[in-house]
Amino acid sequence: MMRVPPDNEPGIGAYVWVDTKWNKKLVIAVRGTTTVYDECADLYLWPGFSNDEEFIKFCSNFTDDQLDYSQQLLALYLEVKTYFHDFDVLITGHSLGSGLAQFISVTQSKGEEVVPSVVFSGPGLQEILENTYPSMLPLDETLEKNMVNFVDPYDPIYVNSKEYQVGVICVWNTQEPKSCSQYYSDPSNSELYHECFLESHYFTHLLELISNKQPFDCDIQIKQWFYSLPDKRKIAKWM
């Protein structure tokens, strides 16, 4: 099952992997920012994403329903649960997709029935929750332990959103790219930002860290569990 974004307009992209033979488990993987329309969704969900007036004007051509990817993912999640109501669900995603995945964890977990999420390079969900679901804060401790976000410590998306992070943060032990060192010395330089972003945020970089079993630090002990998962490249190729 998949949700393919429409051509030339905003829309969420997601895949669903279902294990019907053995364990009654499924994974919903949500694609990160890929198109300019996805960038409009970023702006809708995280209003500080851009101050570019021309870009903001372009995004104003689309409706709330088109830009609110959180509600689009929620609709997909509920549809999946209708068909696989007794399956265990894990939500994953990268960048924009990680924020959306965490949104499902928060809004669809009920008491001890937690919808876990394992995400990558998440931009932080605290601000969205404060603005739209303040009654859900503070998050339940059990829920937070089941929301895991893997990040590169030099990723500008992570660095600039530390105060908005939720759940468990797992930080890979990486060396600071030269471009990131230069960018943090001159944060107004957009060219350096882009270079740092490419080297620390792109999923191809994170996939390399996963493939190399790069050490990371977490508040919980999940190292053996994470690196014993089945081949993650099938999910990663589309994120």
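As shown above, the structure is provided for reference.
Because the structure is a prediction, the values reported are computed rather than measured.

A. Just the sheet that holds strand 3 (residues 25–30), in detail. Spatial ordering of the open sheet is given by 1-2-3-4-5-6-7-8, a layout of eight strands whose pairing is mixed. The sheet terminates laterally at strand 1 (2–3) and strand 8 (216–217), the two strands that pair on one side only. In the sheet, strand 7 (residues 168–172) pairs with strand 8 via two bridges, with the strands oriented antiparallel. Paired with tryptophan 172 across the two strands is phenylalanine 216, which belongs to strand 8. Running over the sheet, helix 5 (residues 96–108) touches strand 3, strand 4 (88–94), strand 5 (117–120) and strand 6 (147–151) and is turned about 150° from strand 4.

B. Region of interest: the state of the cysteines. A complete count under the given rule lists three disulfides for this structure. In this model cysteine 40 forms its disulfide with cysteine 59; the gap between the sulfur atoms is 2.1 Å. Note on the cysteine 40 and cysteine 59 pair: the S-S dihedral is about -80°, so by sign convention the disulfide is left-handed. A residue pair is termed long-range when its members are at least 10 positions apart, and cysteine 40 in helix 1 (residues 36–45) and cysteine 59 in helix 2 (residues 53–59) qualify at 19 residues. With relative accessibility at 1%, the residue cysteine 40 sits in the buried group. Cysteine 59 gets classed as buried once you look at its relative accessible area, which sits at 4%.

C. Structural view of the packing of helix 9 (residues 178–185) against helix 10 (residues 190–200). As a packed pair, helix 9 and helix 10 sit with axes 8 Å apart at the nearest point and diverge in direction by 140°. Overall, the two elements helix 9 and helix 10 adopt an arrangement that is oblique. Viewed along their axes, helix 9 and helix 10 form a crossing whose handedness is left-handed. Contacts between helix 9 and helix 10 pair Ser179, Cys180, Gln182, Tyr183 and Tyr184 from the former with Leu192, Tyr193, Glu195, Cys196, Glu199 and Ser200 from the latter. Counted by class, the contact of helix 9 with helix 10 contains six nonpolar, three polar and two charged residues.

D. How the structure looks around the nonpolar core. Grouped together as the largest cluster of nonpolar side chains are 34 residues, with contacts concentrated most on Leu26, Ile28, Leu73, Ile91, Leu100 and Ile104. Contributing elements (two or more residues each) for this core: strand 2 (14–19), strand 3, helix 1, helix 4 (69–83), strand 4, helix 5 and helix 6 (126–132). With residues up to four places along the chain from it excluded, the contact list for isoleucine 104 reads Leu73, Leu74, Tyr77, Ile91, Ser109 and Val115. Membership of the second largest hydrophobic core comes to 14 residues, among which are Val168, Phe203, Leu207 and Phe216.

E. Expanded view of the packing of aromatic side chains. Enumeration over the complete set of coordinates arrives at 17 aromatic pairs. Where tyrosine 37 meets phenylalanine 58, the ring centres are 6.2 Å apart and the plane angle is 40°; that geometry is what we call tilted. Separated by 21 residues along the polypeptide, tyrosine 37 in helix 1 and phenylalanine 58 in helix 2 bring together distant segments of the chain. In this structure tyrosine 37 comes out as buried when scored by relative accessible area, which is 18%. A relative accessible area of 30% places phenylalanine 58 in the partly exposed class. Measuring from ring centre to ring centre gives 6.5 Å for phenylalanine 120 and tryptophan 172, while their planes differ by 15°; the resulting arrangement is stacked. Here the residue phenylalanine 120 occupies a position in strand 5, and tryptophan 172 occupies one in strand 7, the gap between them amounting to 52 residues.

F. Representation of the pattern of salt bridges within the structure. All chains considered together, the criterion is met by five salt bridges. Here aspartate 88 and lysine 25 are joined by a salt bridge, their closest N and O atoms 3.3 Å apart. Highlighted residues: aspartate 88 in strand 4 and lysine 25 in strand 3, separated in sequence by 63 residues. You can call aspartate 88 partly exposed: its relative accessible area is 45%. A relative accessible area of 42% means that lysine 25 is categorised as partly exposed. When the shortest N-O distance is used, the salt bridge between arginine 31 and aspartate 38 registers 2.9 Å. A residue is classified by how much of its surface remains accessible, and arginine 31, at 12% relative accessible area, is buried.

G. How the structure looks around the side chain of serine 95. Within the element layout of this structure, serine 95 appears in the loop between strand 4 and helix 5. The class for serine 95 is buried, based on a relative accessible area of 11%. Apart from the residues lying within four places of it in its own chain, the contact partners of serine 95 are Gly32, Thr33, Phe120, Ser121, Gly122, Pro123 and His201.

Conventions and cut-offs
Residues numbered from 1 in each chain as written. Predicted model: local features only at pLDDT ≥ 70, side-chain atom pairs only at ≥ 80, totals over all residues. Heavy atoms only, no water. Pairing = 2+ DSSP bridges. Helix = DSSP H or I, 4+ residues; strand = E, 2+ residues; numbered from the N terminus. Contact = heavy atoms within 4.5 Å. Axes fitted to C-alpha atoms, helices over the stretch in contact; angles between N-to-C directions. Disulfide = S-S within 2.5 Å. Buried < 20%, exposed > 50% of the residue type's maximum accessible area, 1.4 Å probe, protein only. Parallel < 35°, antiparallel > 145°, perpendicular 65-115°, else oblique. Left-handed = near helix turned anticlockwise from the far one by under 90°. Nonpolar A, V, L, I, M, F, W, Y, C, P; charged D, E, K, R; others polar. Core = buried A, V, L, I, M, F, W, Y, C linked by side-chain atoms within 4.5 Å. Phe/Tyr/Trp six-rings, centres within 6.5 Å; stacked < 30°, edge-to-face > 60°. Salt bridge = Lys/Arg side-chain N within 4 Å of Asp/Glu carboxyl O.

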